[in-house]
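# Fold and geometry: a report
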There are 2 protein chains.
Amino acid sequence: MKKKYTRTELKAELEAAGIRASVQRIAILGFMRENPIHPTADVVYEALRDEIGSLSLTTVYNTLKLLVDHGLVSMLTIDDTFRCFDGNVDMHAHFMCRGCKSIYDIEVPEEVKCMLKGLDDFKVDEVQLYIKGYCKNCK
Amino acid sequence: MKKKYTRTELKAELEAAGIRASVQRIAILGFMRENPIHPTADVVYEALRDEIGSLSLTTVYNTLKLLVDHGLVSMLTIDDTFRCFDGNVDMHAHFMCRGCKSIYDIEVPEEVKCMLKGLDDFKVDEVQLYIKGYCKNCK
DNA sequence: TTCATTTCTGAAATCATTGCAAATTTAAAA
DNA sequence: TTTTAAATTTGCAATGATTTCAGAAATGAA
C-alpha cells in the first residue's frame, strides 16, 4: 500500500505550491508522503540522515514549517508534549491512546463535515479533530 | 450573563472531585469558571496576583494541571505557540482566527457528540475539535 | 564564469514549563 | 488553643524543544 513517489512528482508538487525544490525538501516531502507514521521533526531527521549526510535538524524544522505553511503537510498538536506532522492532508481525525501514545487515523463522519460547512462568519482553512482515550490493547 | 460563583460552591466542587480546597485553588477555579476567555497560565497568574499577593506562577501551572487531571478544566492546544485553558468542560468546538488570534466557542450538534464518544475499539475520554481560519473582522 | 539570490548549517539563544527544597498553611488531634 | 504531621505553595534554578542568527554553500540567470 505504501506508494513510492518519484523525485519528479515531488519536485512538481513543491513547485506547484510555489516552493523551490531542493534535495532536502524533496527528501522531506517524500518521507512525509510515504510514511504515514505522524513523525516528529526529530524522527524525520533521524530517518533521513543516512540519505543526506549533511542534513541538519534545523533544516528539518524549517522545511516542515515551510511545507505546513504551503498546505503540503499538516502539523498535529494532539499531545502537548510533542509536535508531530502528517503527510496526509485530506481531512481525517486522529485518535491518540493515552497508554501506548499511538496515533490512529479515523474517518471523519459526514455529519461533522456538514457541520463545518455551515459555519457562517468564519473562513475555515484548517480543521483538526483530536480524540483521546485508550485503544483496544490498552483499555 | 457572567455568573458569580461563591467560595462555598467552588470549595464543594473541588472536594467533589477529590481535591482539597485551598485559597489558590478556589481562586483559580473561580477565575476559570467566571471568565470564558481561554486564558494561558500566565494570564490567570496576572489576573489573580492582586487578589493573592503571594501567588506564584508555578502554583498556577500546578493547579491548572490538577484541575485538568480531575476534569474540572480542559487544556487547549489549538495554537502550537501557546497552551491555554477552558473552564467550560462541556463538549464544544473552538475556532481560532489566524488574524487576531481570538478563540471562539462553537456549538457541536448532539448527534456528532454521541458519534465521537461511541468509536468502536476505542474508549474515548476527550474530544477536541479545532478549527482555524479567519473571523468576520479579519477575513 | 560571475553575480545575486535563496537555501542550508551549526551553534547559541530563547522561553514556556517543570523540578526541587524550603517555607507556609491546613486540618485534625490533644 | 496548641501541637503535630501532612499537604500545599513558593521562588528560583534547570530543562529541553524550538527558534534565531550569521556565515557558508548551492542554485539559477545572464
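Located above this text is the structure these notes cover.
Since this is a predicted model, take the numbers as computed values, not measurements. Residue numbers restart at each chain and count upward from 1, following the sequence in its written direction. The naming scheme follows written order: chains are lettered A onward, ligands numbered 1 onward. Predicted model: local features are reported for residues with pLDDT of at least 70 only, side-chain atom pairs are reported and counted for 80 or more only, and whole-chain, interface and lining totals are derived from all residues. Hydrogens and water molecules were not included; the side-chain quantities draw on all heavy atoms of the structure.

### Focus on the packing of helix α1 (residues 7-16) of chain B against helix α2 (residues 23-34) of chain B
Residues and elements named next belong to chain B. To define axes, lines are fitted to C-alpha atoms, for helices over the stretch in contact only, and angles between the resulting N-to-C directions are given on a 0 to 180 degree scale. The helix count covers DSSP runs of H or I at least four residues long, the strand count covers runs of E at least two residues long, and both are numbered beginning at the N terminus. One can describe the packing of α1 onto α2 by two numbers: an axis separation of 10 Å at closest approach and a directional angle of 100°. If you check the angle between α1 and α2, you find them roughly perpendicular. Contacts between α1 and α2 involve Arg7, Leu10, Lys11, Glu13 and Leu14 on the former and, on the latter, Arg25, Ile26, Leu29, Gly30 and Arg33. Classes in brief: Ala, Val, Leu, Ile, Met, Phe, Trp, Tyr, Cys and Pro nonpolar; Asp, Glu, Lys and Arg charged; the others, Gly included, polar. In terms of residue class, the contact of α1 with α2 is built from four nonpolar, one polar and five charged. The cut-offs work like this: below 35 degrees is roughly parallel, past 145 is roughly antiparallel, 65 to 115 is roughly perpendicular, and the gaps in between are oblique. Here, two residues are considered to be in contact whenever any of their heavy atoms come within 4.5 Å of each other.

### A few points about the sheet that holds strand β3 (residues 93-97) of chain A
The strand order across the open sheet formed by six strands is β4(A)-β3(A)-β5(A)-β5(B)-β3(B)-β4(B), and the pairing between neighbours is mixed. The two strands at the open ends of the sheet, each matched to only one other strand, are β4 (103-106) of chain A together with β4 (103-106) of chain B. Adjacent strand axes in the sheet meet at a mean angle of 25° when their direction is disregarded. Strand pairing is assigned whenever DSSP identifies at least 2 bridges connecting the two strands.

### Some thoughts on helix α4 (residues 57-69) of chain B
Residue and element names in this part refer to chain B. The span expected for a helix works out to 1.5 Å for each residue beyond the first. With 13 residues, α4 should cover 18 Å at 1.5 Å per step; its first-to-last C-alpha distance of 18 Å lies within 8% of that length. Every buried residue of α4 is listed here: Val60, Thr63, Leu64 and Leu67. Down the axis of α4, the buried set is contained in an arc of 100°. They therefore lie on one face. Of the exposed residues in α4, those oriented more than 90 degrees away from the buried face are Lys65 and Asp69. Each element contacted by the buried residues of α4 is listed here: α1, α2, α3 (41-48) and β2 (84-86). Backbone geometry just after α4 places Gly71 at a positive phi near 75°. Categorising residues by exposure relies on relative accessible area from a 1.4 Å probe, with only protein chains included: less than 20% of the type maximum marks a residue as buried, more than 50% marks it as exposed, and the intermediate range marks it as partly exposed. Directions drawn from the helix axis to the C-beta atoms are what define this arc.

### A short note on the protein's contact with DNA strand D
Think of it this way: one heavy atom of a residue within 4 Å of a molecule or strand is enough to make that residue near it. Around DNA strand D sit 14 residues, and of these Tyr61(A), Ser22(B), Arg25(B), Ser54(B) and Thr59(B) come closest. The protein-proximal atoms of DNA strand D, defined as those within 4 Å of the protein, are 80% sugar or phosphate. Residues adjacent in sequence count toward polar contacts only when both atoms are side-chain atoms; beyond that, a polar contact is any pair of N or O atoms within 3.5 Å, and within protein one must be able to donate a hydrogen and the other to accept it. Measuring from a phosphate oxygen of DNA strand D, one finds a backbone N or O atom of Leu55(B) at 3.2 Å. Thr59(B) places a side-chain nitrogen or oxygen 2.5 Å from a phosphate oxygen of DNA strand D.

### Overview of the environment of Tyr45(B)
In this fold, Tyr45(B) is placed in helix α3. It is 23 Å that separates the C-alpha atoms of Tyr45(B) and Asp105(B), two residues lying 60 residues apart in sequence.

### Quick notes on the interface of chain A and chain B
At the junction of the two partners, chain A supplies 31 residues and chain B supplies 32 residues. Together, the buried faces of chain A and chain B total about 3000 Å²; carbon and sulfur atoms form 62% of this surface. Ranking the residues of chain A by area buried against chain B places Asp80(A), Met115(A) and Phe122(A) at the top, with a combined share of 19%. The working definition used for a salt bridge is a side-chain nitrogen of Lys or Arg within 4 Å of a carboxyl oxygen of Asp or Glu. Where chain A packs against chain B, one counts eight salt bridges. Between Lys136(B) and Asp121(A) there is a salt bridge whose closest N-O contact spans 3.4 Å. For the side of chain A that touches chain B, the elements supplying multiple residues, two or more each, are β4, α5 (110-117) and β5 (122-135) of chain A. Ranked by residues supplied to the side of chain A that touches chain B, first place goes to β5(A) with 14 residues. Taken together, the residues of the side of chain A that touches chain B break down into 17 nonpolar, three polar and eleven charged. The buried area of a pairing is the accessible area, by a 1.4 Å probe, that goes missing from both parts when the two are put together, added over both.

### Considerations on the packing of aromatic side chains
Geometry of aromatic contacts follows a simple scheme: Phe, Tyr and Trp rings, the Trp one being its six-membered ring, pair when their centres are within 6.5 Å, and the pair is stacked under 30 degrees between planes, edge-to-face over 60, tilted otherwise. Applying the stated criterion across every chain, the model contains seven aromatic pairs over all chains. Measuring from ring centre to ring centre gives 5.6 Å for Tyr130(A) and Tyr130(B), while their planes differ by 80°; the resulting arrangement is edge-to-face. Within this pair, whereas Tyr130(A) is found in strand β5, its partner Tyr130(B) is found in strand β5 (residues 122-135), the two belonging to separate chains. For the residue pair Tyr130(A) and Tyr130(B), the accessibility class agrees, reading buried in each case.

### Digging into the side chain of Glu34(A)
Position of Glu34(A) relative to the elements: it lies in helix α2 (residues 23-34). At 2.8 Å, the side chain of Glu34(A) and the backbone nitrogen of Tyr5(A) are in polar contact.

### Remarks on the pairing of β4(B)
All names here are of chain B. Here four bridges tie strand β3 (residues 93-97) to β4, and the two strands are oriented antiparallel to one another. Within the sheet, the bridge partner assigned to His94 lies in β4 and is Asp105. Here β3 folds back onto β4, and the loop between the two strands holds five residues, one of which, Lys101, carries a positive phi near 65°.

### Let's talk about the protein's contact with DNA strand C
Neighbouring DNA strand C are 14 residues, the closest being Ser22(A), Arg25(A), Ser54(A), Thr59(A) and Tyr61(B). Close to the protein, within 4 Å, the atoms of DNA strand C belong to sugar or phosphate groups at a rate of 85%. In the model, a phosphate oxygen of DNA strand C is placed 3.1 Å from a nitrogen or oxygen of the Gln24(A) side chain. Leu55(A) is positioned such that a nitrogen or oxygen atom in its backbone is 3.3 Å from a phosphate oxygen of DNA strand C. Sort the elements by how many residues they give to the surface near DNA strand C and helix α4 (residues 57-69) of chain A lands first, with three residues. For the surface near DNA strand C, the class distribution of residues is three nonpolar, eight polar and three charged.

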